[in-house]
Amino acid sequence: MSVPSLRERLAVGPGRVDLGAIDPSATPGVKSRRRADDARGQLSTELGDLQERLWARSQCEGDRQRVLLVLQGMDTSGKDGAIKRGLDGANPKWLHLASFGPPTDEEQAHHFLWRIRRQVPEPGMIGVFDRSHYEDVIAVRVKGLAPEDAWRPRFEEINAFERQLHDDGVSIVKVMLHISRDYQRERQLRRLERIDKRWKFNEGDLDDRDRWDEFMVAYEEALERCNTSVAPWYVVPADRKWYRTWAVSLLVVETLRALDLRYPERPELDIEALRARLLAS
Ligand code: AMP
Ligand code: MG
């Protein structure tokens, strides 16, 4: 019996998404913290190796492949930690990171995908979105920033956009970091109490917390409506940091593994002649 990949385990299935049925403290695919931590060394080496191949192919073969990791989750779900530790081993030179907060006046004047399109990673790069266009069907919906007839059509627009990216070589990995409401309270309390965390405290996050159930409904519908074969959604239980870090790493690595990233052979080089030239120099 073959072991399912983490992508298979964490993919939201077709049909209804019920976040209430997914335990945020579960650890699917790994038995213990020790095993997860042990695996991370090897994962980071592999990530670095695959990332270099991806870049090399874009440089020498005009390969347009790239990866885009989209991170979504409630406040304190661990997006920053996932970026810091989940991508261990990656060369920052070939990472493209973009964070999306409330739109600026300029962004607001454009279509909601305008600011997103500008941050799509170039061929050979690994892109990371810290929040994304999904805020335009989640935060916008829950906070009533646009009427339903404005945000609802966005599900289809997003699917068309992601299909376009896919057709242009972008492997999209969409991750929802799924925490419990209790875990969030604990983390938000810690932010108030600890001076090294307080800088992150934002009272608006408590307003979001008060609308937890509405956020979950909005997440569920976004995951359901935009879970396509070209851009699947994964739900990562995130109440345990070690699990979340391990899972994000492995989801990215599995995505890269599936790309068959052979080093470019560079047939245009006359190896013999170049070797002779070097030896004579
Ligand atoms: P943080 O991730 O802590 O930097 O917080 C970013 C905040 O920006 C969150 O409260 C998001 O909900 C909010 N945000 C991001 N994108 C949008 C958007 N398109 N419309 C409204 N709020 C957004
Ligand atoms: Mg925040």
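Everything below is about the structure printed above this text.
Quantities reported herein were computed from a predicted structural model and do not represent experimental measurements.

**Focus: the packing of helix 3 (residues 79–86) against helix 13 (residues 241–257)**
Right, on to step 1. In contact at an axis separation of 9 Å, helix 3 and helix 13 are set at 60 degrees when each is read in the N-to-C sense. Taken together, helix 3 and helix 13 sit at an angle that is classed as oblique. In this structure, the crossing between helix 3 and helix 13 has a hand that is right-handed. Together, Gly81, Ala82, Arg85 and Gly86 of helix 3 and Arg244, Thr245, Val248 and Ser249 of helix 13 make up the contact between the two elements.
Right, on to step 2. Of the residues belonging to the contact of helix 3 with helix 13, the class tally is two nonpolar, four polar and two charged.

**A few points about unusual backbone geometry**
Right, on to step 1. The phi torsion at Thr76 lies on the positive side, around 70 degrees, for a residue other than glycine.
Right, on to step 2. Inspection of the secondary structure assignment puts Thr76 in the loop between strand 1 (66–73) and helix 3.
Right, on to step 3. Residue Arg266 is not a glycine yet carries a positive backbone phi of 60 degrees.
Right, on to step 4. Following the sequence through the fold, Arg266 ends up in the loop between helix 13 and helix 14 (271–280).
Right, on to step 5. Classification of Arg266 by relative accessible area gives partly exposed; the value is 35%.

Basis of the calculations
Residues numbered from 1 in each chain as written. Chains lettered and ligands numbered in written order. Predicted model: local features only at pLDDT ≥ 70, side-chain atom pairs only at ≥ 80, totals over all residues. Heavy atoms only, no water. Axes fitted to C-alpha atoms, helices over the stretch in contact; angles between N-to-C directions. Helix = DSSP H or I, 4+ residues; strand = E, 2+ residues; numbered from the N terminus. Parallel < 35°, antiparallel > 145°, perpendicular 65-115°, else oblique. Left-handed = near helix turned anticlockwise from the far one by under 90°. Contact = heavy atoms within 4.5 Å. Nonpolar A, V, L, I, M, F, W, Y, C, P; charged D, E, K, R; others polar. Buried < 20%, exposed > 50% of the residue type's maximum accessible area, 1.4 Å probe, protein only.

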